[in-house]
Protein chains: 2
Amino acid sequence: MTEKLDRRKARTRQLLHDALMSLLQEKNAETITVTDVADRADVNRGTFYLHYKDVADMLQQMKDYVFERVQARVEHLDISEAMKYIDRKEPYPASVGIFEEIGRHAEFLRIMLGPRGDLAFARQLRELMSSRMYAKLQIVAPPHWSMPADYLVAFVASANFGLVTHWLDTGMHLTPEEMAKIIVRLMNYGPLVSSGIRQAPGLLGE
Amino acid sequence: MTEKLDRRKARTRQLLHDALMSLLQEKNAETITVTDVADRADVNRGTFYLHYKDVADMLQQMKDYVFERVQARVEHLDISEAMKYIDRKEPYPASVGIFEEIGRHAEFLRIMLGPRGDLAFARQLRELMSSRMYAKLQIVAPPHWSMPADYLVAFVASANFGLVTHWLDTGMHLTPEEMAKIIVRLMNYGPLVSSGIRQAPGLLGE
DNA sequence: TTTATAATGAACATCGTGTTGAATAATGTC
DNA sequence: GACATTATTCAACACGATGTTCATTATAAA
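Small disclaimer: the values here were computed from a predicted structure and weren't measured.

(A) Structural context of helix H4 (residues 55–74) of chain B. Residue and element names in this part refer to chain B. Look at H4: 29 Å from first C-alpha to last across 20 residues, which is about the 28 Å you get at 1.5 Å a residue. Taken together, the buried positions of H4 are Val-55, Met-58 and Leu-59. Summarising the axial view, the buried residues of H4 lie within an arc of 100 degrees, below the 170-degree limit, and thus occupy one face. Facing away from the buried side of H4, by more than 90 degrees, are the exposed residues Asp-57, Asp-64, Glu-68 and Ala-72.

Written as structure tokens, this is what we have:
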């Protein structure tokens, strides 16, 4: 636990936080100056330096916080478990939990993953899924691969990530449950079969 | 055609270009100053302003150029055509062409799509695939969708994009032909079946 | 060679930075 | 409530990058 109870400190931090969030809606993170944040927070510029090294440092702390929250949820993922839900009605709970967590930080994530966002942060989140997947892949590995494992992981991680960003971009109109279902479906049958454009191979098509 | 033949102008532009590329390998684009570029190019700082408004403007011109080159290749894509190559040995030529074009700008793209890269640019490239896909989707659309079309597009575009970035990240060890094959395969059978982890549904499994 | 124009070097005011020290204000504790 | 602690304020500072200028020099195209 970090020890900070002084109301003044907490209040100033909150003001700076709100100010930065407000500014992030308007301009690039890199162009936001300490003066900008301090002015909008109605706080002395010198006070800012009592809390953070610079704007980048402040933003990094916010990124770290959100990342850790999401990471905690991803830890609960189990690909073998997820596969059991392929043809069930209800979605995989751990997957739903991730979307719920993301929804909780939607405002911040929408900015950081949007056009003015941070590619390092985006890749960090994508990596989170990749690493998790690599570990599990060793267990369910088939006798021989028909393609490089790292490309498979890149494909899956990016695809999932794309669904998340699209969900955020479009105002999160689908529920976390619906998102979880879509993911499982696409993972298993692929985009063409899942959408109905193409028949399941080996059944009717070809 | 832009009319510029003066050797001095061309030489200075080349020097500035090389200097910026060199600097991009070392530090964030946003932290690169006009002074930095001019110094490294061994050009007077004032001269820089004779060519570009600022560093961001210069970078934007480079982004526009590469984007247009890739865009021209994507124009040749035809999803219906691509599907004909699903079970063939040889890859879809238009798809190969895209990877070749990307390879030509690998150094720049590796930076712009890497951790220090530009999320707006990355999304612009991703959008390029999406828009192309949306148009074609109307034609091959199935009687009823089993999921929102926009999520399908987001999935496919991001997945493809992920393969591209992974290709760049890992030093492009696979040939454009191999990349094109992997994409077609993953698109059709999905990641699990394609990798061999899961049997083709409706054939043996379940 | 002549003419046009690109590049140079120096100077300038402006702005944000990061830091300092003294004064003031709010807080937690006894 | 009084007190010691600590957060915040305010003014000032040197520093570095900016964007612009103007006269001068160098190089290109004709």
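After that view, the rundown keeps rolling.
(B) How the structure looks around the protein's contact with DNA strand D. The local shell around DNA strand D holds 19 residues, among which Arg-8, Thr-12, Asn-44 and Thr-47 of chain A together with Thr-33 of chain B are the closest. Sorting the residues of the surface near DNA strand D by element identifies helix H1 (7–24) and helix H3 (45–49) of chain A together with helix H1 (7–24), helix H2 (34–41) and helix H3 (45–49) of chain B as the ones contributing at least two each. Ranked by the residues each element gives to the surface near DNA strand D, the list is headed by H1 of chain A, at three residues. Its residues assigned to classes, the surface near DNA strand D shows five nonpolar, seven polar and seven charged.

(C) Fine view of the nonpolar core. In terms of nonpolar packing, the biggest core is built from 72 residues, with Phe-155, Leu-163 and Ile-183 of chain A together with Phe-155, Leu-163 and Ile-183 of chain B touching the most fellow members. Setting aside anything within four residues of it in sequence, one finds Phe-155 of chain B in contact with Ala-159, Gly-162, Leu-163, Leu-186 and Pro-191 of chain A.

(D) Here's a closer look at unusual backbone geometry. Phi angles above zero are rare outside glycine, and Asp-42 of chain A is one such case at about 55 degrees. In this structure, Asp-42 of chain A sits in the loop between helix H2 (34–41) and H3.

(E) Geometry of the interface of chain B and chain A. Contacts between chain B and chain A engage 46 residues on the former and 45 residues on the latter. Examining the composition of the side of chain B that touches chain A, we find that 13 residues originate from one element, helix H9 (residues 149–169) of chain B, more than from any other. Classifying every residue of the side of chain B that touches chain A by side-chain character gives 27 nonpolar, 12 polar and seven charged.

(F) Quick peek at the domain arrangement of chain A. Residues and elements named next belong to chain A. Looking at chain A, the domain boundaries give domain 1 (2–52) and domain 2 (60–196). Taking only C-alpha atoms, the centre of domain 1 and the centre of domain 2 are 32 Å apart. The interface of domain 1 with domain 2 comprises five residues on the first partner and four residues on the second. Of the residues belonging to the side of domain 1 that touches domain 2, the class tally is three nonpolar, two polar and no charged.

(G) Region of the structure containing the protein's contact with DNA strand C. Thr-33 of chain A together with Arg-8, Thr-12, Asn-44 and Thr-47 of chain B are the nearest of the 19 residues found near DNA strand C. Of the residues forming the surface near DNA strand C, the biggest block, three residues, is contributed by H1 of chain B. Its residues assigned to classes, the surface near DNA strand C comprises five nonpolar, seven polar and seven charged.

(H) Spotlight on the relation of the copies chain B and chain A. Its rotation angle being 180 degrees, the transformation that places chain B on chain A also includes 0.0 Å of axial translation and leaves an RMSD of 0.1 Å. In symmetry terms, the pair is related by a two-fold rotation axis. Considering only C-alpha atoms, the residue of chain B closest to the rotation axis is Gly-190 of chain B, which sits at 1.7 Å. When the interface residues of chain B are mapped onto chain A, 98% of them again lie at the interface, so the same face is used by both copies.

(I) Representation of the environment of Tyr-92 of chain B. Residues and elements named next belong to chain B. Structurally, Tyr-92 can be placed in the loop between helix H5 (79–83) and helix H6 (93–104). Owing to 23 C-beta atoms within 10 Å, Tyr-92 belongs among the buried residues under this scheme. Each residue touching Tyr-92, except ones within four places of it in the same chain, is listed here: Glu-81, Ala-82, Tyr-85, Ala-180 and Val-184.

(J) Examining the packing of H1 of chain B against H2 of chain B more closely. Residues and elements named next belong to chain B. One can describe the packing of H1 onto H2 by two numbers: an axis separation of 8 Å at closest approach and a directional angle of 115 degrees. Seen along the crossing, H1 lies across H2 with a hand that is right-handed. Packed against H1, whose contacting residues are Leu-15, Leu-16, Ala-19, Leu-20, Ser-22 and Leu-23, the element H2 presents Asp-36, Val-37, Arg-40 and Ala-41 at the interface. Looking at side-chain class alone, the contact of H1 with H2 contains seven nonpolar, one polar and two charged residues.

Calculation notes
- Residues numbered from 1 in each chain as written.
- Chains lettered and ligands numbered in written order.
- Predicted model: local features only at pLDDT ≥ 70, side-chain atom pairs only at ≥ 80, totals over all residues.
- Helix = DSSP H or I, 4+ residues; strand = E, 2+ residues; numbered from the N terminus.
- Expected span 1.5 Å × (residues − 1).
- Buried ≥ 20, exposed ≤ 12 C-beta atoms within 10 Å, placed from the backbone.
- Arc of directions from axis to C-beta.
- Near = placed C-beta within 6 Å.
- Nonpolar A, V, L, I, M, F, W, Y, C, P; charged D, E, K, R; others polar.
- Core = buried A, V, L, I, M, F, W, Y, C linked by C-beta atoms within 7 Å.
- Contact = placed C-beta atoms within 7 Å.
- Domains from an automatic or database assignment.
- Least-squares fit on C-alpha atoms with pLDDT ≥ 70 in both.
- Axes fitted to C-alpha atoms, helices over the stretch in contact; angles between N-to-C directions.
- Left-handed = near helix turned anticlockwise from the far one by under 90°.

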